[in-house]
Amino acid sequence: MTQTDPADPAESPLGLPIRVPLIPGETTLSLLARTAAANGPDLPRLLRALDEGLDLPAEGLDPQREELLLSPEGLDRLAVLLDRDADQLSRALPSAHPDRVADVKAVRVEPWPDELGAAPLPACPLCMEPGAWLAATGHRWRPCPCGRRWLAGDDGGYLVDTAPVPDLGWALQRHRQLVHRVGPVGDALLADAHQVMLWWWVSVPRRRGPGRDGGRGVADVWHAREEALGMTRHRRRAAPVVVYPEAVTLAELMWSWEEQRRKRVTPAAWIEAVVAELVPAGTLTRQERAPLDYWLEQHRPEPAGKSSGRTAADRRWNHLPALHRRPTEPGPFRAPSCLMWVYGLPLTSVTAVCPRCDGRAPSCRWVPYPECTGLPDKRTR
């Protein structure tokens, strides 16, 4: 038998005849739950094959609530149990990544942290597998690569069927085109634009404020999408989805600013371009303009000069301000934003104050940022 041949089921500790497909980004406990469902043994039996002394919760196991953390020895046992190569599992499962495994002394089950961006996302049942769960890795939502569902980890996890709103499919295509054209900078700018649109969704009353489509306020456009998606009773859940097309438009405008901010183009001129594209009324209130001003405060005009970097994508990325963190994996909504307000929390107050900057740095005006950049240098203002 060669290394690539599947092992005889009798060689597996539990004799599992069916190997379920690996789903990139899946949680380890979700993979084991699918394996148990396909082969008959209950999930606790599979887990105890990894460690006989494993402490399991009395209320049962659920990938939606818990994750399995692997030690190096546990990963090797999992590879034998599933008839998979350990490196293959490390590439597919975030919790089996070498950096995570190295810090675990013994196999254990832990609940997902009770914080935004920690809960797993339900996998798309159309292109993945019903009942599977994906590691959020800090991201609360994202469109599925197939474009037919949005995945969200908030409120215990939910899916949004995007088929009734074709604008969402076109927005995903434009998002991909932007990333293909300019690299991960495109996804970072989309994250910024999405933050701005969520600010507007929270702050702008219906039938007033910015908008497009023949003069209709954007709040009306969003409400029409909520109705089409059947989510008028779950507007807060629908918000990240319904604002997506306008976020893509704003991200494209943000890229135009990135291209021009070394060419003496003024922030006022860029704001005018945003208004012309997104605001048929032609004006922005102070509240509506505020998130754009916060964004420009970080993406300031700069003197001409070349950014460092080996490739064009590297140079574009190195041109971004310090609060941007390069994504560790490809795909939409994988880059974090430099705008730190948190959808679902108050936009104008914080529950704690950063000890380094007293809440005055751009990173810490809403929530203290662990990597606070300190106060802005007045010489660059």
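Note: the structure precedes this text.
If you're wondering where the values come from, they're calculated on a predicted model, not measured in any experiment.

1. Overview of the layout of surface pockets
Its boundaries defined by the atoms lining it, the largest pocket holds a volume of some 1,000 Å³. Every residue lining the largest pocket is counted, 31 residues in all, and those nearest its centre are L116, G138, P336, S337 and M340. Per-element tally for the lining of the largest pocket: the top contributor is helix α7 (residues 184–203), with four residues. Tallied by class, the residues present in the lining of the largest pocket amount to 19 nonpolar, eight polar and four charged. The computed volume of the second largest pocket comes to approximately 650 Å³. Contributing to the lining of the second largest pocket are 30 residues, with G25, P94, T137, E329 and R334 lying nearest its centre. Sorting elements by how many residues they give to the lining of the second largest pocket places helix α4 (residues 86–92) first, with three residues.

2. Notes on helix α6 (residues 166–182)
Within an α-helix, residues lying three or four positions from one another point in the same direction, as the helix has 3.6 residues per turn. Taking 1.5 Å as the rise per residue, α6 with 17 residues should run 24 Å; its terminal C-alpha atoms sit 25 Å apart, in good agreement. Of all the residues in α6, the buried ones are L168, A171, L172, H175, L178 and V182. When α6 is viewed along its axis, its buried side chains cluster within an angular range of 125 degrees and face the same direction. Facing away from the buried side of α6 by over 90 degrees, the exposed positions are P166, W170 and H180. Those residues of α6 that are buried are in contact with β5 (141–143), α7, α8 (218–229), α9 (235–242), α10 (244–260) and α13 (312–318). Positioned one or two residues after α6, G183 has a phi angle of 85 degrees, which is positive.

3. Things to note about the nonpolar core
M197, W200, Y244, L250, W270, L292 and W295 are the most contacted members of the largest nonpolar core, which totals 69 residues. It is α7 that provides the largest number of residues to this core, a total of 11 residues. With near-sequence residues (within four places) excluded, W295 lies in contact with L189, D192, M254, W257, E258, W270, C338 and L339. Counting residues in each nonpolar core, the second largest holds 26 residues, with L43, L46, L75 and A79 among its members.

Rules and cut-offs
- Residues numbered from 1 in each chain as written.
- Predicted model: local features only at pLDDT ≥ 70, side-chain atom pairs only at ≥ 80, totals over all residues.
- Heavy atoms only, no water.
- 1 Å grid on protein atoms, 1.4 Å probe; cavity = no way out; pocket = protein on both sides within 12 Å on 5 of 7 lines; lining within 4 Å.
- Points joined across faces, edges and corners; volume = space filled by probe spheres on them.
- Helix = DSSP H or I, 4+ residues; strand = E, 2+ residues; numbered from the N terminus.
- Nonpolar A, V, L, I, M, F, W, Y, C, P; charged D, E, K, R; others polar.
- Expected span 1.5 Å × (residues − 1).
- Buried < 20%, exposed > 50% of the residue type's maximum accessible area, 1.4 Å probe, protein only.
- Arc of directions from axis to C-beta.
- Contact = heavy atoms within 4.5 Å.
- Core = buried A, V, L, I, M, F, W, Y, C linked by side-chain atoms within 4.5 Å.

All we've got here are geometric facts, nothing functional implied.
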